[in-house]
Amino acid sequence: MRLQKFLSAAGVCSRRAGEKLIAQGRVKVNGETVTAMGIVIDPEKDAVTVDNRPVRLTNKKEYIMLHKPVDVVTTLSDPFGRQTVKALVADVGKRVFPVGRLDLDTSGLLLLTNDGELANRLTHPSFGVEKEYLVRVKGLPAGETLKRLAEGVELEDGLTAPATVRLIKGGTGTSLLSLTLKEGRNRQVRRMLDAVGHPVITLKRVRFAQLTLDGLQPGKWRRLTPAEVKKLKKTVGLLKSFKSKRKT
Ligand code: URA
């Protein structure tokens, strides 16, 4: 098994994040640091560590929804000692990693799992998984501005994909918008609104695919129900829906 696949199968992180860990020299195989990509290991025989902690394959998958408060970092450890999402889900009792990220100053729905394949697909732009944000912005965006946000805004990393935008409450001081994106670039909502001249004041993710926060308080987490996990998997083609063919 390729090393990065092993890391994701063991629930350390997604495959792409695994490549980063390897490149950063944090992964050892049988005591030797490995930085080359594509190394093949035998999960039965080889001893793999990340940051000197042993990694083993685990079967039980965990799927967690966290209401991330602002001022909590979406990482598993923080060199500046800030509170991390890992600390908030410590009582899950299993190692889980965040699916994508929310900025330090963004609150809302964050998924965590040790299912590397699902995490990969949910964050891959080709699956176009919907993320809905409640955004308080400075000023009152004009109809033309909302149209620009929906059709595509030119950012330094290219034109944004079509989005759904709704003005919930307009005001001259600040306004409240709902913005639904199918991509997840770095600080995308903030950059889109900066680009149209309405900087973000507060940002909260209220939906990820079909999942909503639905009363979950900031700082709290819950396990997804089996039905929710099934729906998520279907969204990214990991479960085929099939009808039983019964003979009559
Ligand atoms: N867009 C942003 O700008 N920040 C987030 O945290 C999420 C989406």
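Rules used in this analysis
- Residues numbered from 1 in each chain as written.
- Predicted model: local features only at pLDDT ≥ 70, side-chain atom pairs only at ≥ 80, totals over all residues.
- Heavy atoms only, no water.
- Salt bridge = Lys/Arg side-chain N within 4 Å of Asp/Glu carboxyl O.
- Helix = DSSP H or I, 4+ residues; strand = E, 2+ residues; numbered from the N terminus.
- Buried < 20%, exposed > 50% of the residue type's maximum accessible area, 1.4 Å probe, protein only.
- Pairing = 2+ DSSP bridges.
- 1 Å grid on protein atoms, 1.4 Å probe; cavity = no way out; pocket = protein on both sides within 12 Å on 5 of 7 lines; lining within 4 Å.
- Points joined across faces, edges and corners; volume = space filled by probe spheres on them.
- Domains from an automatic or database assignment.
- Near = heavy atom within 4 Å.
- Polar contact = N/O pair within 3.5 Å; in protein donor to acceptor, adjacent residues only side chain to side chain.
- Areas by Shrake-Rupley, 256 points an atom, 1.4 Å probe, with all protein chains shown as cover.
- Nonpolar A, V, L, I, M, F, W, Y, C, P; charged D, E, K, R; others polar.
- Contact = heavy atoms within 4.5 Å.
- Buried area = accessible area lost by both parts, 1.4 Å probe.

1. Let's talk about the pattern of salt bridges
Now for step 1: On inspection of all chains with the given rule, the structure shows 18 salt bridges.
Now for step 2: Of the charged contacts, one joins Asp-51 and Arg-26 as a salt bridge, the two residues approaching to 2.8 Å between their closest N and O atoms. You can see Asp-51 sitting in the loop between strand E3 (48-50) and strand E4 (53-55) and its partner Arg-26 sitting in the loop between helix H2 (15-23) and strand E1 (27-29), a full 25 residues away along the chain.
Now for step 3: The class of Asp-51 is partly exposed, set by a relative accessible area of 33%.
Now for step 4: Overall, Arg-26 belongs to the partly exposed group, its relative accessible area being 31%.
Now for step 5: Of the charged contacts, one joins Arg-82 and Asp-78 as a salt bridge, the two residues approaching to 3.0 Å between their closest N and O atoms.
Now for step 6: Each of the salt bridges in this network shares a partner with another, and the network as a whole consists of Arg-101, Asp-103, Asp-105, Arg-187 and Arg-190.

2. What about the pairing of strand E13 (residues 200-208)?
Now for step 1: Pairing geometry for strand E7 (residues 106-113) and E13, over three bridges, is parallel. Residue pairing across strands places Gly-108 opposite Arg-205, the latter belonging to E13.
Now for step 2: Examined bridge by bridge, strand E8 (residues 131-138) and E13 share seven bridges and lie antiparallel to one another. Bridged to Glu-132 within E13 is Arg-207.
Now for step 3: When E13 meets strand E14 (residues 211-212), the two strands line up antiparallel, connected through two bridges. Paired with Phe-208 across the strands is Leu-211, a residue of E14.
Now for step 4: Connecting E13 to the antiparallel partner E14 that follows it, the hairpin turn spans two residues, and Ala-209 within it adopts a positive phi of roughly 55 degrees.

3. Section: empty space enclosed by the protein
The gaps left among the atoms become clear once a water-sized probe is rolled over them.
Now for step 1: According to the stated counting rule, one finds one cavity of 30 Å³ or more in the structure shown.
Now for step 2: Space inside the largest cavity adds up to approximately 30 Å³.
Now for step 3: Looking at the lining of the largest cavity, the elements that each hand over two or more residues are strand E5 (63-68), E7 and helix H4 (116-123).
Now for step 4: The greatest single-element share of the lining of the largest cavity, amounting to three residues, is contributed by E7.

4. Remarks on the layout of surface pockets
Now for step 1: Reported here for the second largest pocket is a volume of approximately 190 Å³.
Now for step 2: Lining the second largest pocket are Ala-10, Val-12, Arg-53, Pro-54, Val-55, Arg-56, Thr-58, Lys-86, Lys-94, Arg-95 and Asn-114.
Now for step 3: If you tally residues by element for the lining of the second largest pocket, the top one is E4, at three residues.
Now for step 4: Counting contributing residues, the lining of the second largest pocket receives three or more from each of domain 1 (3-55) and domain 2 (63-125 + 210-247).

5. Quick word on the pairing of E7
On a regular strand, one side chain projects to one face of the sheet and the next to the other, so that they alternate.
Now for step 1: Among the eight residues in E7, eight count as buried, and that is most of the element.
Now for step 2: Examined bridge by bridge, E5 and E7 share six bridges and lie antiparallel to one another. From the neighbouring strand, Leu-66 faces E7, where its bridge partner is Leu-110.
Now for step 3: Here two bridges tie strand E6 (residues 97-98) to E7, and the two strands are oriented antiparallel to one another. Bridged to Pro-98 within E7 is Leu-112.

6. As for the sheet that holds E4
Now for step 1: One open sheet accounts for four strands, arranged E2-E1-E3-E4; its pairing is antiparallel. Bordering the open sheet on either side are strand E2 (32-33) and E4, each of which pairs with just one other strand.

7. What about the site of the ligand?
Now for step 1: Near the ligand you find Leu-102, Asp-103, Thr-106, Tyr-133, Arg-187, Gln-188, Val-189, Arg-190 and Leu-203, and these make up its full shell.
Now for step 2: Measuring from an oxygen atom of the ligand, one finds a side-chain N or O atom of Thr-106 at 2.9 Å.
Now for step 3: In isolation the ligand offers 240 Å² of accessible surface; the protein chains occlude 95% of this area.
Now for step 4: Considering every element that reaches the shell around the ligand, the biggest residue donor is helix H6 (residues 188-195), with three residues.
Now for step 5: Taken together, the residues that form the shell around the ligand break down as four nonpolar, two polar and three charged.

8. A short note on the domain arrangement of the protein
Now for step 1: By the assigned domains, the protein splits into domain 1 (3-55), domain 2 (63-125 + 210-247) and domain 3 (130-208).
Now for step 2: Here the C-alpha centre of domain 2 lies 22 Å away from the C-alpha centre of domain 1.
Now for step 3: The partner domain 2 presents nine residues to the eight residues of domain 1 that form the contact.
Now for step 4: Both faces considered, domain 1 and domain 2 share a buried interface measuring about 820 Å² in area, 38% of it formed by carbon and sulfur atoms.
Now for step 5: For the domain 1 face of the interface with domain 2, the top three residues by lost area are Gly-11, Val-12 and Arg-16, together amounting to 47%.
Now for step 6: Scanning the region where domain 1 abuts domain 2 turns up one salt bridge.

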